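Secondary and tertiary structure notes
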Amino acid sequence: DAAIKEFGRIDILVNNAGIGDDSLGKHIEQITDEEWHRGIDTNLSSQFYACRAVAPHMVRQNHGKIINVASGYGLRGGKHNYMYTCSKGGVIQLTRSVALTYAQNNIQTNCIVPGVFPHNEEMRRFFKGGKFIPIGRPGDDAEIAPLAIFLASELSDHMNGELVVIDGGGVAGGDR
């Protein structure tokens, strides 16, 4: 409502919510309901609620771009990694469902599927050298921005329900 009030319309939604979880490494029976809900609500429910909020506006204007952000873990499981993998897999399916539902309203919904984009030096050191990333280094935020701009532009008007993996070859190589 605040965006509509200030700008008069919503043309682009970027759903980039995400949180790792502190239950990583726990056996399934050790995960509390609170841990489960925190992971699912942050990574998946928040994107659902944002899509639900903007869809009526985009339908009325017969135009819109929705860009959801998942993770390579949404395409694979992870040992003792429940909420993150399940929620990011859910983001992928949310993307597809919204894309199919609103295609006739000239709303394109696509999903960026990033690999490792560390935000601290310790993680950068851990992933350096290609152990998990075939090109030998983690991603940099500056590499995702042009992809998001492309998906928000008219250049991607014929893309809908697509997953764009940007992970240095991790999914292709099966490493992670």
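These remarks concern the structure in this document. These numbers were taken from a predicted model, which means no experiment stands behind them.

Conventions used here
Residues numbered from 1 in each chain as written. Predicted model: local features only at pLDDT ≥ 70, side-chain atom pairs only at ≥ 80, totals over all residues. Heavy atoms only, no water. Salt bridge = Lys/Arg side-chain N within 4 Å of Asp/Glu carboxyl O. Helix = DSSP H or I, 4+ residues; strand = E, 2+ residues; numbered from the N terminus. Buried < 20%, exposed > 50% of the residue type's maximum accessible area, 1.4 Å probe, protein only. Polar contact = N/O pair within 3.5 Å; in protein donor to acceptor, adjacent residues only side chain to side chain. Contact = heavy atoms within 4.5 Å. Pairing = 2+ DSSP bridges. Axes fitted to C-alpha atoms, helices over the stretch in contact; angles between N-to-C directions.

**What to know about the pattern of salt bridges**
A full pass over the atoms with the stated rule returns four salt bridges. For the salt bridge of Glu35 with Lys26, the shortest nitrogen-to-oxygen distance reads 2.6 Å.

**Focus on the side chain of Asn110**
Looking at where Asn110 falls in the secondary structure, it is placed in strand β3 (residues 107–114). By relative accessible area, which is 1% here, Asn110 ends up buried. Here Met159 takes part through its backbone oxygen, which lies 3.2 Å from a polar atom of the side chain of Asn110. With residues near it in sequence (within four places) discarded, Asn110 still touches Ile66, Ile67, Asn68, Thr95, Leu151, Met159, Asn160, Gly161 and Glu162.

**Structural notes on unusual backbone geometry**
In this structure, His80 is a non-glycine residue whose phi angle is positive, near 55°. By secondary structure assignment, the location of His80 is in the loop between β2 (64–69) and α3 (83–102). For His80, a relative accessible area of 18% corresponds to the buried category. If you check the backbone angles, Asn106 has positive phi at about 60° while not being a glycine. On the secondary structure map, Asn106 appears in the loop between α3 and β3.

**A short note on the sheet that holds β2**
Spatially, four strands are ordered β1-β2-β3-β4 in an open sheet, and the strand pairing comes out parallel. With one partner strand each, in any of the chains shown, β1 (12–15) and β4 (163–166) form the two edges of the open sheet. The mean angle between the axes of side-by-side strands here comes to 20°, regardless of whether they run parallel or antiparallel. Strand direction decides the pairing type here: β2 and β3, joined by six bridges, are parallel. If you follow Gly64 over to β3, its bridge partner there is Ile107. Running at roughly 160° to β3, α3 makes contact with β2, β3 and β4 of the sheet.

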